[in-house]
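Chain by chain, the residues run as shown.
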Amino acid sequence: MPVVVKTPDEIERMRIAGRLAAEVLDFITPWVVAGVSTEELDARCHDYMTRVQGTVPAPLNYAPPGYKPFPKSICTSVNHVVCHGIPRQDKRLKAGDILNIDVTVIKDGFHGDSSRMFFVGEPRIQARRLVEVTYACMWHGIRQVRPGARLGDIGAAIQAHAESQGYSVVREFCGHGIGRRFHEEPQVLHYGKPGTGLVLETGMTFTIEPMINAGKAGIRELSDGWTIVTKDHSLSAQWEHTVLVTDQGFEVLTQSAGTPAPPAEVLG
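Residues numbered from 1 in each chain as written. Predicted model: local features only at pLDDT ≥ 70, side-chain atom pairs only at ≥ 80, totals over all residues. Heavy atoms only, no water.

### Section: the overall build of the protein chain
When its secondary structure is counted, the protein chain shows five helices and 15 strands. Taking 2.2 N^0.38 as the reference for a compact globule, 268 residues should give roughly 18 Å; the C-alpha atoms of the protein chain span a radius of gyration of 17 Å, in line with that estimate. Considering only C-alpha atoms, the protein chain reaches an extent of 45 × 45 × 40 Å along its principal axes. Burial status across the protein chain gives 54% buried among its 268 residues. By sequence separation, contacts in the protein chain at least 24 residues apart represent 71% of the contacts at least 6 residues apart. A total accessible area of about 11,300 Å² is found for the protein chain, and carbon and sulfur atoms account for 53% of it. Side chains of the protein chain give 27 positive and 30 negative charges; the mean places of these two sets differ by 4 Å. (Helix = DSSP H or I, 4+ residues; strand = E, 2+ residues; numbered from the N terminus. Rg over C-alpha atoms; globule rule 2.2 N^0.38 Å. Buried < 20%, exposed > 50% of the residue type's maximum accessible area, 1.4 Å probe, protein only. Contact = heavy atoms within 4.5 Å. Areas by Shrake-Rupley, 256 points an atom, 1.4 Å probe, with all protein chains shown as cover. Lys, Arg positive; Asp, Glu negative; His and termini not counted. Charge placed at Lys NZ, Arg CZ, Asp CG, Glu CD.)

### Points about the sheet that holds strand E6 (residues 168-169)
Taken together, three strands build an open sheet; the order of strands is E6-E10-E13 and the sheet is antiparallel. This sheet does not close on itself; its edge strands, each paired only once, are E6 and strand E13 (236-238). One ladder, built from two bridges, connects E6 with strand E10 (residues 211-213); its direction is antiparallel. Bridge pairing in E10 links serine 168 to asparagine 213. Relative to E13, helix H3 (residues 125-142) is tilted by about 40 degrees, and along the sheet it contacts E10 and E13. (Pairing = 2+ DSSP bridges. Axes fitted to C-alpha atoms, helices over the stretch in contact; angles between N-to-C directions.)

### Describing the packing of aromatic side chains
Under the defined criterion, the tally for this structure stands at six aromatic pairs. Look at tyrosine 67 and tryptophan 226: their rings are 4.5 Å apart centre to centre, the planes differ by 40 degrees, and that puts the pair in the tilted class. Highlighted residues: tyrosine 67 in the loop between strand E1 (56-57) and strand E2 (75-78) and tryptophan 226 in the loop between strand E11 (219-221) and strand E12 (228-230), separated in sequence by 159 residues. The class for tyrosine 67 is partly exposed, based on a relative accessible area of 30%. Ring centres 6.3 Å apart and planes at 65 degrees place the aromatic pair tryptophan 139 and phenylalanine 250 in the edge-to-face group. Taken as a pair, tryptophan 139 in helix H3 and phenylalanine 250 in strand E15 (residues 250-252) lie far apart in primary sequence, 111 residues in all. On the basis of relative accessible area, tryptophan 139 is assigned to the buried category, the value being 4%. Ring pairing ties together the aromatic residues Tyr67, Phe70 and Trp226, which thus form one cluster. Positioned above the aromatic ring of tryptophan 31, the side-chain terminus of arginine 44 is 3.4 Å from the ring centre. (Phe/Tyr/Trp six-rings, centres within 6.5 Å; stacked < 30°, edge-to-face > 60°. Lys NZ or Arg CZ within 6 Å of the ring centre and 35° of its normal.)

Pasting the structure below:
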């Protein structure tokens, strides 16, 4: 399937959907505390999306080929869960946990997709460092986006930073084109070689969402058919933005009042 280059009207709709996805993450932030269940976080996000925003939670009942329908409105991935964690009533957050909340909303037929890491109370030094390095990895990738650059430039920048800090990049999951469909072309790998892959064009929209492990890169899928964990039980972190290729470079579409600023080390 070819890469969809968005029209100005479609880009404006993507801006709206992206901002709304980020605002869900702003909304849920005060509720990420020790003792709360991930199912309660899901219920609060679902209510905010459907009742307050008038958006549709894209993950709910989403069923790509080979998968059973995803049963919740957000993904909640705690500690060694890499991605696609299913919110549960019996999964209560503990002080020191790290948590990724992944939100995708649909507004007027367009998708906005973003995820953030959260600390539950005070994290361990190693956990904080992993989360911070992963955030920098995402931004190193974003900074490569401009017309004429290649997808391999994004992956290479992410991989180089992660490995320079002693971490590993999950290979089995990647970023993706996004728009009217949840997952479009291209696939955006978080590793690779500079100067390889698809040439970027103005109007392309896709996610950059590196998953970085504190230990080895190996992963496995749990019996629920969705939850992905590290094989060695090491911590994993992920951040995600939806980005637009512009004439001048890039625009991050998933920004809101509560979106963390880019790391100073990357802006350099």
